Amino acid sequence: MRRLSLLAFRWIIVVAVLEPLAASAFGAEARPVVVKNVVLLIVDGCSAEQYTLARWFKGTPLAIDEIRCGSVKTYIADSVIADSAPAATAFATGHFTNDKLIGVAPSVKTVTVSPPSADEQLRPLATLLEAARLQGKATGIVATSRVTHATPAAFMAHVTSRRFEEEIMEQAVHQGVNVVLGGGRDFAMPKAAGGARRDDEDLIEALRQRGYQIPTDREQLLKAGGNKVFGLFSLGPMAPEIDRPRRAPAEPTLAEMTRKAIELLSADEDGFFLMVEGSQVDWACHANDPAHMLSDLIAYDEAVAVALEFARRDGQTLLIALSDHNTGGMSIGNMRTSKTYPQTTIADLVEPLRKMRCSAVELWRQLSMGPDGKKLDVKGISPDAVRRVVKEGWGLEISEDEAQQILSVAVRDKGDPQNAFGEVLCPRHTVLGWTTHGHAGGDVPLHAFGPDRPVGTFDQPELARRMARAMGVDLDATTRRLFVEVGSVFASHEVEIDKAEPTNPIARIRHQNATAELPINKNILRIGGAEIALEGVVVQIAETGKIYIPQQAVRRIKGE
Ligand SMILES: [Zn+2]
């Protein structure tokens, strides 16, 4: 008997030692490698054709070319064609969600995936940024849009509409992100101070009180140091890259913001998570504007080069570069080249684009600005004025008829008059084709570098889970830690919403002898005369009337 147990014991030792070796030797699923840093670079609205055009235009390979490794499917929970908010939410949380939703689960109205239970619908979902922060890593967000716009918002906030930019900014300011760089100062400032906030809260002051530096131009950014930097370089979105040198020379480039963010975040010995967005390729493609598209895509590629150079040097960084969906359905070749396409020279492709010296947005700004600087109604704009502005800005001699067409498209798309230039002029003066002013539903290229990089075709939530695995974090466990539904732990009579200030509601929980106050969209708990900083923000979902608070707050209120 004794001899038998000794034999069994020896066998156990042998298996424990050899198994992993065998697993890897024989190609079984290798244990995932945990990396120190994850850098995710999203170019909004870009697909394979746009990369190809940028490469011809640049005349040299793109930095991104050498790390292409697969594809990303771009459908969302309620559509085969994505919107940026749910796409970014999928990349951030590992879950599909519906159109316009930010950092929350879908409603029951899904078409491509099975619906959540009624209980789970629209519930906040933890993001890679929140999970990395709770793991002690530094975190950063960089964008050329407002930092409250769909993609950056999906990593920092939880709201049921991408339009709720006041709430998104409030959550971002209370999210404890180390580095946030981009546009959108207006949603941090009260209306009275020239901002856009209706709740009159001065979040710039709130950031200062939390110890943040707030650079507002390149020079200040380059001087910034420490691990709390919230740079807001424009009131609204930053300038299109092609217009920046003339319209906003004090704004930093995407590559400069990326380099600075990495410099600040890499000082953290626990590592970091950084999301960088080239936001405006999407806007350019909505407008069918190749000039804006090329300038912002090449600027994005320069930011990728900066991050890649760091990842190579560092060796413990997983870098993923991708887009969330295609916008505009751009093609190299259009109806005009249906018969001539095999004779299309590089000059045919790029020469017309080289003459374009500003974005379509800038063309329309110049066109619609009266001599007194006031905005002109489109009816007050003459075809001659259109021809003059197009000649100066895009280097094209156009006919009276084309100018008329541009004005009528501008009337049709009153909200986006800049759509007119690309729609009317590209089919005749370039070899580019556009199929829509909206998004398109095809797979988009995947690029990655570093340990355990994903190779193959993935849906968007899968890539979030690959990044979570790489950092050794569990997104769903983090959701349970940060977002406890108040009604599941407190009786309904114990909970009320104080709406004395409608734009600044407060959740009040009276439990046994304790009264707790939790301002919505902040990470603050007031109880027993103390103010406690919570490890996550308090979220209210108006559609379900539910409130979500961190476990940490529940324990405190219950006196555990
Ligand atoms: Zn878009």
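In this report, the structure presented in the accompanying data block is examined. Here the structure is a predicted model, which means the values were calculated and not measured. (Residues numbered from 1 in each chain as written. Predicted model: local features only at pLDDT ≥ 70, side-chain atom pairs only at ≥ 80, totals over all residues. Heavy atoms only, no water.)

## Focus on the environment of I527
Note the following rule: Helix and strand definitions follow DSSP, with helices as H or I runs of at least four residues and strands as E runs of at least two, each counted in order from the N terminus. The contact definition used throughout considers only heavy atoms, calling two residues in contact when any of these lie within 4.5 Å.
Mapping I527 onto the fold places it in strand 18 (residues 524–527). Taking the C-alpha atoms as reference points, I527 and T515, separated by 12 residues in sequence, lie 6.1 Å from one another. Excluding residues that lie within four positions of it along the chain, I527 makes contacts with A514, T515, A516, I532, R556 and I557.

## A short note on the coordination of the zinc ion
Applicable threshold: We call an atom a donor if it is N, O or S and sits within 2.8 Å of the metal, or 3.2 Å for Na, K and Ca. Water is not counted, so some sites may look partial. Any site counts as irregular unless it has four donors with all angles between 85 and 135 degrees, making it tetrahedral, or four or six donors with opposite ones more than 155 degrees apart and the rest between 65 and 115, making it square planar or octahedral. Relative accessibility decides the category of a residue: with a 1.4 Å probe and only protein chains considered, values under 20% of the type maximum give buried, values over 50% give exposed, and everything between is partly exposed.
Every protein donor of the zinc ion is accounted for by D282 (OD), D282 (OD), H286 (NE2) and H439 (NE2), and the metal-donor separations fall at 2.0 to 2.3 Å. Note that the zinc ion binds four donor atoms; their angles at the metal cover 57 to 153 degrees, and the shape is irregular. Assessed through its relative accessible area of 6%, D282 is described here as buried. Assessed through its relative accessible area of 23%, H286 is described here as partly exposed.

## Some details on helix 19 (residues 475–482)
Selection rule: The arc in question is the one traced by the directions running from the helix axis out to the C-beta atoms. N or O atoms closer than or at 3.5 Å make up a polar contact, with two conditions inside protein: a donor-capable atom paired with an acceptor-capable one, and, for residues adjacent in sequence, both atoms drawn from side chains.
Of all the positions in helix 19, only L475, T478, T479 and L482 are classed as buried. Down the axis, helix 19 shows its buried residues gathered within 105 degrees of arc, on one side only. Buried residues along helix 19 sit against helix 3 (84–93), helix 4 (128–134), helix 18 (460–471), strand 14 (484–485) and strand 21 (546–549). Its side-chain oxygen placed 3.0 Å from the backbone nitrogen of D476, D474 serves as the N-cap of helix 19.

## Overview of the layout of surface pockets
Put simply, the test is: As defined here, a cavity is a set of points on a 1 Å grid over the protein atoms alone where a 1.4 Å probe fits but cannot get out. A pocket is an open set with protein on both sides within 12 Å along at least five of seven lines, and residues line them when an atom is within 4 Å of a point. Grid points are joined across faces, edges and corners, and a volume is the space filled by probe spheres set on the points. Each residue gets one of three labels, nonpolar for Ala, Val, Leu, Ile, Met, Phe, Trp, Tyr, Cys and Pro, charged for Asp, Glu, Lys and Arg, and polar for the others, Gly among them.
Looking at the largest pocket, its volume works out to about 850 Å³. Lining the largest pocket are 35 residues, with V361, G415, D416, P417 and Q418 positioned closest to its centre. Of all the secondary-structure elements, those providing two or more residues to the lining of the largest pocket are helix 11 (280–286), helix 14 (360–367) and helix 16 (400–412). Broken down by element, the lining of the largest pocket gets its largest block of residues, five residues, from helix 14. Tallied by class, residues from the lining of the largest pocket come to 16 nonpolar, eight polar and 11 charged. In this structure, the second largest pocket occupies an estimated 530 Å³ of space. As for the second largest pocket, its lining consists of 26 residues, and the residues nearest its centre are F164, E167, P505, N521 and Q540. If you list the elements that add at least two residues to the lining of the second largest pocket, you get helix 6 (165–173) and strand 20 (539–541). When residues in the lining of the second largest pocket are grouped by element, the largest group, five residues, is from helix 6.

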